[in-house]
Amino acid sequence: MATSERLIETTQELLWERGYVGTSPKAIQQRSGVGQGSMYHHFSGKTDLAAAALGRSAEQLRALAEEQFSGPGTAYERIEAYLLRDREVLRGCRIGRMAQDPEVIAEPQLRRPVEETFDWLRGRLADLVAEGQAAGEFAAGPDPAEVAATIAAVVQGGYVLARAADSPEPFLRAVHGALALLRAH
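Student: I'd love a proper account of the packing of helix α8 (residues 108-134) against helix α9 (residues 144-165), names of residues and values included.
Tutor: The interhelical angle for the contact between α8 and α9, taken along N-to-C directions, is 125°, at an axis separation of 8 Å. Judged on the interaxial angle alone, α9 and α8 are oblique. When you trace α8 past α9, the crossing you get is right-handed. Of α9, the residues touching α8 (which contributes Phe118, Leu121, Arg122, Leu125, Ala126, Val129, Ala130 and Gln133) are Pro144, Ala145, Val147, Ala148, Ala149, Ile151, Ala152 and Gln156. Residue classes in the contact of α8 with α9 are distributed as 13 nonpolar, two polar and one charged.

Student: Can you explain the nonpolar core? Please cite residues and give values.
Tutor: Counting 51 residues, the largest nonpolar core has Ile79, Tyr82, Leu83, Leu125, Ile151 and Leu182 as the members making the most contacts within it. Listing elements by their share of this core, those giving two or more residues are α1 (3-18), α2 (25-32), α4 (46-69), α5 (75-84), α8, α9 and α10 (169-184). The greatest single-element share of this core, amounting to nine residues, is contributed by α4. Setting aside anything within four residues of it in sequence, one finds Leu182 in contact with Tyr76, Ile79, Phe138, Val147 and Ile151.

What counts as what
Residues numbered from 1 in each chain as written. Predicted model: local features only at pLDDT ≥ 70, side-chain atom pairs only at ≥ 80, totals over all residues. Heavy atoms only, no water. Axes fitted to C-alpha atoms, helices over the stretch in contact; angles between N-to-C directions. Helix = DSSP H or I, 4+ residues; strand = E, 2+ residues; numbered from the N terminus. Parallel < 35°, antiparallel > 145°, perpendicular 65-115°, else oblique. Left-handed = near helix turned anticlockwise from the far one by under 90°. Contact = heavy atoms within 4.5 Å. Nonpolar A, V, L, I, M, F, W, Y, C, P; charged D, E, K, R; others polar. Core = buried A, V, L, I, M, F, W, Y, C linked by side-chain atoms within 4.5 Å. Buried < 20%, exposed > 50% of the residue type's maximum accessible area, 1.4 Å probe, protein only.

Right under this line is the structure:
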């Protein structure tokens, strides 16, 4: 594996585990086995490397979600596949956790992949809700963008509730509740 790839993958994991503040260049170097000179040869500093890692995490999250969104089935079935896919619930969302880090939100280069990912997610969900409304699966009244924002909030809030309880149960209850609401309308 190329040095830059090893640095990005290591930083992805550390950001997920520790957040931006808790991820030091020294920790990245130790875990990746890459020296300081090599790290700064590929990236101008921690922010540059973290931005690359967040960008990669965002790409991976979108690709994984797109597998369900563009898969077979009705709009409801594709949303259900997204909500019920296997996740490391107690670790939280790689991108959602970054939205809670004040230094990530304060730095436009770091905030950008977080913001763009959630915009993309809400947009894809809104498209599916609109598709389901057109097919008669869902009630025609609710704004698809609002329903999509609610679904995204259920997932992110479910992660928080699961971490607080140290159990995936609150996450599962939240997503099953969201699916019940979709079925009811």
